[in-house]
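If you want the building blocks of each chain, they are given just below.
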Amino acid sequence: MSAALLEVRGLSGVFRTRAGDTPVLHDVSFDLPAGGITAVVGETGSGKSLTALSILGLQPPGLVTGGSIRFDGRELMGLDEAGYRALRGSQIAMVFQDARSSLNPVLTVGRQLCDVARLHRGLSRRDAAALVEQTLARVAIPEPRRRMAQYPHEFSGGMAQRVMIVMALLCEPRLLLLDEPTTGLDVTTQADVMELIVALTQEAGLTTCLVTHDLGLVGEACDRVVVMRRGRVVEQADAATFFSDPATDYARTLLAANRDTVDQGTANQGTANQDTANQDTEPEGTA
Amino acid sequence: MVGTVTARPTAEPAAARLAAVALLAGRKLGGALLVIWGVVTFTFLVVRVVAPDPIGLLVPPGAGTEVRDAVRTELGLDGSIVSQYGIYLGHLARGDLGTSFGTNQPVSDDLLDRFPATLELAVPALIIGVALGTGLGIVAALRRGRLADHAIRVVTVAALAMPPFWLGLMLLSLFFVSLGILPGPIGRLPAGVDPPPTMTGSYVLDALLAGDTQTAGLAAAQLVLPVAVLACGIFAPITRVARSGMVEALRSDYVRTATAYGFPHRRVLTAHALRNALLPVITMIANGVAFAFTGAVLVEGVFGWPGIGQYALVAVQQSDFPALQGFVLYAAVVYVVLYALVDLAYAAADPRTRS
Amino acid sequence: MSAAPGRWWRHHPMSARLGAALMLLLLVAALVGRLWTPYDPNTPGVGDPFLAPGARHWFGTDQAGADVFSMTLAATATDVWLTVVAVALAFAIGGVLGAVAGYWGGWTDWLIMRVTEVLQSFPALLLAMLLVAALGNGLVNVIVVVAFVGLPGYLRLIRAEVKARRGWEFADAAILAGNSGAGVLARHLVPNSLTPLVSYAAVNAAWVAIVVSSLGFIGVGIEPGSPEWGSMIAGGRDFPDEYWISLFPGLGILLLSTAFYLVGDGIVDRDER
């Protein structure tokens with residue numbers, strides 16, 4: 001395993017409200033090795049998204065964090081605005097869950113992408129537009145020039161997520177953070193977007209961190225798995241080890257639950273009113 | 001890759017957009033005419049059918065039988081309600097709004113005479129109200145939960161909950177009666193001062209154009225209190241909407257995206273948050289314009305301001321129904337034009353409303 | 001029974017608590033004003049004319065020597081009552097019409113919406129003035145007119161709510177279970193739309209309080225001679241030196257309107273959290 005690009009050590013997080021303090025992150029520690037895809041997996045409320053947001057200092061106001069986050073050996077905790085600004089985009093780029101609402105509704109998609117290209121690559125308006133068009137084509141968006149003149153509401157969820165990935169690529173970051181990038185998309189689109197993420201990671205030699213609740217999605221794509229539960233890291237292992245021989249009961253439950261939902265998904269595609277009781281006798285290999 | 005795509009000018013989407021806007025404008029115009037017709041008809045019904053004594057409403061109070069008979073004949077009040085309606089619409093179509101009993105002049109002339117006074121009050125009040133309202137709303141959102149936010153909220157609720165006519169009277173008590181630093185409620189100029197030659201219709205501007213700074217100063221002093229009261233009614237709703245729009249925008253995913261991609265805070269605020277936050281303010285500005293041009297009846301009344309609002313107020317108090325009907329038609333036209341402009345403004349400012 | 005107000009108190013922000021407290025204060029004042037005032041509010045000459053506020057006459061006396069505090073207290077019931085009844089009436093009728101328009105759609109909806117548009121193209125205050133002037137002064141006329149003017153807002157709001165929730169599964173399920181359309185409307189759709197309506201009604205009531213007093217101020221309100229804040233302010237208009245004649249009834253309107261605003265805001269804020 002290569003050296004870690006990002007080291008999270010003893011990260012803690014507390015929501016401070018008038019009603020009192022609610023701790024949400026407890027002593028979170030994990031590494032993101034350089035190159036390859038690491039999946040951070042957990043149920044809703046496990047603190048995985050808050051952890052990802054804390055890396056870039058984007059956690060919601062009211063969340064007080066402690067501990068250490070080191071990127072390429074540099075401490076990120078306690079950075080000021082200017083320090084974070086130098087990091088955001090150019091070093092670490094992030095793709096969010098709901099791509100359509102992550103884009104400004106009153107600006108064209110092209111304008112938003114060009115702004116990012118000009119900020120991080122110092123390009124002229126014209127060169128930025130050319131680069132954006134090229135990059136859109138690279139993620140298989142048809143008619144990129146026409147699409148650039150459109151607004152986010154004219155994009156489907158999957159297309160919008162490709163736009164967000166383009167935004168990240170334009171920055172040529174060292175670390176790509178993806179927070180539930182496929183949630184809310186339909187199954188085929190999910191697979192397409194995942195495929196794109198894997199291909200781009202390999203092609204560009206990126207280090208990618210994929211935050212998701214969907215183990216099935218992670219499957220073969222990732223190299224390493226970090227499991228979170230109730231604000232704690234409960235297990236981290238190489239993907240191969242994790243899937244063949246999970247160390248904790250919780251990971252086993254997660255894997256089993258994932259198998260169930262996959263089965264249920266397949267069963268529901270059949271006759272609607274039929275009971276799914278006899279699924280043991282009909283092992284379908286669609287998963 | 002780039003070279004294979006022939007550079008197609010952006011004229012096509014622009015033309016399509018223009019056509020869409022034109023279609024929208026056409027549909028709005030149809031709707032607008034329908035609303036004006038509805039307003040006219042509703043007023044007609046109130047005066048002729050709902051009111052217990054229609055003729056009593058349409059002749060000057062205390063008029064003799066001769067006058068009553070003359071009006072009865074002219075408006076066809078002996079005929080059926082349908083033929084009365086026909087005569088009424090016929091008069092309107094010729095621009096005849098009837099004759100006010102208060103002034104003995106055609107109502108349309110009265111309205112035209114009084115419009116400049118309303119305009120002179122409305123324009124500065126709107127400029128102050130919109131600027132103050134937007135500014136306070138943004139500050140409150142940026143300082144959310146802090147002292148400034150709470151202070152702005154107190155001021156805003158007080159401004160909303162205050163009857164404007166009462167505020168006007170209290171300001172007069174203070175600044176005119178007690179302190180004596182501002183003039184009394186005597187209209188646009190003190191008695192004995194001649195109005196400047198008409199050019200723009202605004203006494204302050206006309207006096208300045210005529211080089212008469214003294215008259216301009218007097219006219220401006222007359223404006224201070226009514227403009228303040230009017231602006232007070234305009235800024236508060238704008239503040240509330242601007243604040244909630246900005247709070248929502250600051251929490252939005254796209255603002256988080258802009259921050260996550262390293263844009264400076266100031267640029268995130270202006271290029272991303274502000275533009276979205278101010279969209280709902282358009283409607284509130286329109287409400288302010290409607291208030292200043294048609295709803296400021298009591299403010300004009302309290303300050304003796306000879307504008308259209310005071311005309312309507314006097315008409316109500318004297319049961320001068322031809323004048324009232326004229327005012328109602330004027331107000332409907334203002335509303336319809338205004339909200340058509342609002343729709344166009346949204347179509348221009350918010351791409352989501354275009355498709 | 002005692003737990004409900006306590007829970008309400010804890011779950012609402014400061015502004016709503018303040019609004020509720022103000023509202024309670026005004027209700028008590030309205031009740032007291034009905035039962036007892038220091039002087040008879042309708043009798044002139046209980047003191048010298050134009051007395052400034054002092055120990056004997058807390059809010060001073062007017063030009064006829066009537067006690068301004070007694071008049072203001074006696075008028076509380078009138079303004080609170082007018083506001084609440086007018087809002088309740090607009091809420092009820094606008095709600096029903098809006099639910100009908102939203103649920104049935106089609107030409108019913110079209111007609112109701114066009115009429116609503118026309119009504120909203122009148123300046124509200126002037127429409128009220130016009131109608132009261134045409135119908136004549138009186139308590140009932142004022143209530144009906146003010147309710148009528150406020151009705152389109154409720155209509156639009158509940159129409160939008162019902163339209164948005166029409167497709168909900170529970171409506172379909174209820175119809176499948178054999179309920180009639182009207183029954184579904186009354187039992188399932190409308191109660192689900194209540195929260196935004198209540199906060200709208202509170203903010204609207206704040207505005208109604210001002211409209212009611214405005215009508216009184218220009219003299220097209222309730223029967224002349226009955227105590228009402230707007231007409232009291234008009235009474236003090238000719239005596240700007242004796243500011244107290246107009247000041248205190250105006251503060252009454254300000255308090256009533258503020259109370260409603262704060263409660264309405266509080267409901268919205270609670271939902272936002």
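Residues numbered from 1 in each chain as written. Chains lettered and ligands numbered in written order. Predicted model: local features only at pLDDT ≥ 70, side-chain atom pairs only at ≥ 80, totals over all residues.

Caption draft 1: Quick look at the overall build of chain C. The helix and strand tally for chain C stands at eleven helices and zero strands. Going from N to C terminus, chain C has its helices and strands arranged as α-α-α-α-α-α-α-α-α-α-α. Across the 273 residues that make up chain C, the buried fraction comes to 51%. Restricting the contact set of chain C to residue pairs at least 6 apart, pairs at least 24 apart contribute 70%. (Helix = DSSP H or I, 4+ residues; strand = E, 2+ residues; numbered from the N terminus. Buried ≥ 20, exposed ≤ 12 C-beta atoms within 10 Å, placed from the backbone. Contact = placed C-beta atoms within 7 Å.)

Caption draft 2: Molecular detail of the overall build of chain B. On a plain count of helices and strands, chain B comes out with 15 helices and zero strands. C-alpha extents for chain B along the principal axes are approximately 85 × 60 × 40 Å. For chain B, the proportion of its 355 residues judged to be buried stands at 42%. Within chain B, contacts between residues at least 6 apart in sequence are counted, and of these 68% link residues at least 24 apart.

Caption draft 3: Focus on the nonpolar core. Judged by nonpolar contacts, the single largest core of 253 residues is most densely connected at A128, M129, L130 and V146 of chain C. By residue number, the principal contributor to this core is helix α9 (residues 213-250) of chain B, which donates 18 residues. Not counting residues up to four positions away in its chain, the partners in contact with M129 of chain C are V316 of chain B together with L215, I218 and V220 of chain C. (Core = buried A, V, L, I, M, F, W, Y, C linked by C-beta atoms within 7 Å.)

Caption draft 4: Inspection of the interface of chain B and chain C at higher detail. At the junction of the two partners, chain B supplies 37 residues and chain C supplies 36 residues. Among the elements of the structure, α1 (11-50), α6 (147-161), α7 (164-178), α12 (281-295), α13 (297-302), α14 (308-317) and α15 (321-349) of chain B are those that each provide at least two residues to the side of chain B that touches chain C. At eight residues, the largest contribution of residues to the side of chain B that touches chain C is made by α1 of chain B. Among the residues forming the side of chain B that touches chain C, the class breakdown is 31 nonpolar, six polar and no charged. (Nonpolar A, V, L, I, M, F, W, Y, C, P; charged D, E, K, R; others polar.)

Caption draft 5: Just the UniProt feature "transmembrane region" (unreviewed entry) in chain B, in detail. Residues and elements named next belong to chain B. Under the UniProt annotation, the feature "transmembrane region" (unreviewed entry) is placed at residues 32-51, 121-142, 154-182, 216-236, 277-299 and 327-349. Across residues 216-236, helical content stands at 100% and strand content at 0%; the span's end C-alpha atoms are separated by 30 Å. In residues 327-349, helix accounts for 100% and strand for 0%; the two terminal C-alpha atoms are 32 Å from one another. (UniProt positions renumbered as here; feature names shortened; annotations may be inferred.)

Caption draft 6: The interface of chain B and chain A, seen in detail. Between chain B and chain A, the contact holds 22 residues from the first and 27 residues from the second. Of the residues assigned to the side of chain B that touches chain A, the class counts are ten nonpolar, seven polar and five charged.

Caption draft 7: Representation of the packing of helix α10 (residues 253-260) of chain B against helix α11 (residues 265-277) of chain B. Residue and element names in this part refer to chain B. Where α10 meets α11, the axes come as close as 10 Å, and the angle between the chain directions of the two elements is 150°. As judged from the angle between their axes, α10 and α11 are roughly antiparallel. Relative to α11, the crossing made by α10 is right-handed. For the pair α10 and α11, the contacting residues are Y254, V255, A258 and T259 in the first and V268, H272 and A273 in the second. (Axes fitted to C-alpha atoms, helices over the stretch in contact; angles between N-to-C directions. Parallel < 35°, antiparallel > 145°, perpendicular 65-115°, else oblique. Left-handed = near helix turned anticlockwise from the far one by under 90°.)

Caption draft 8: Looking closely at the UniProt feature "domain: ABC transmembrane type-1" (unreviewed entry) in chain B. Per the UniProt entry, the sites bearing "domain: ABC transmembrane type-1" (unreviewed entry) are residues 115-346 of chain B in this numbering. For the annotated span residues 115-346 of chain B, helix accounts for 78% and strand for 0% of the residues, and the straight-line distance between the end C-alpha atoms is 28 Å.

Caption draft 9: Seen up close, the UniProt feature "transmembrane region" (unreviewed entry) in chain C. Under the feature "transmembrane region" (unreviewed entry), the UniProt entry names residues 80-104, 125-150, 197-222 and 242-263 of chain C. Regarding residues 80-104 of chain C, the helix share stands at 100% and the strand share at 0%, and the terminal C-alpha atoms are separated by 36 Å.

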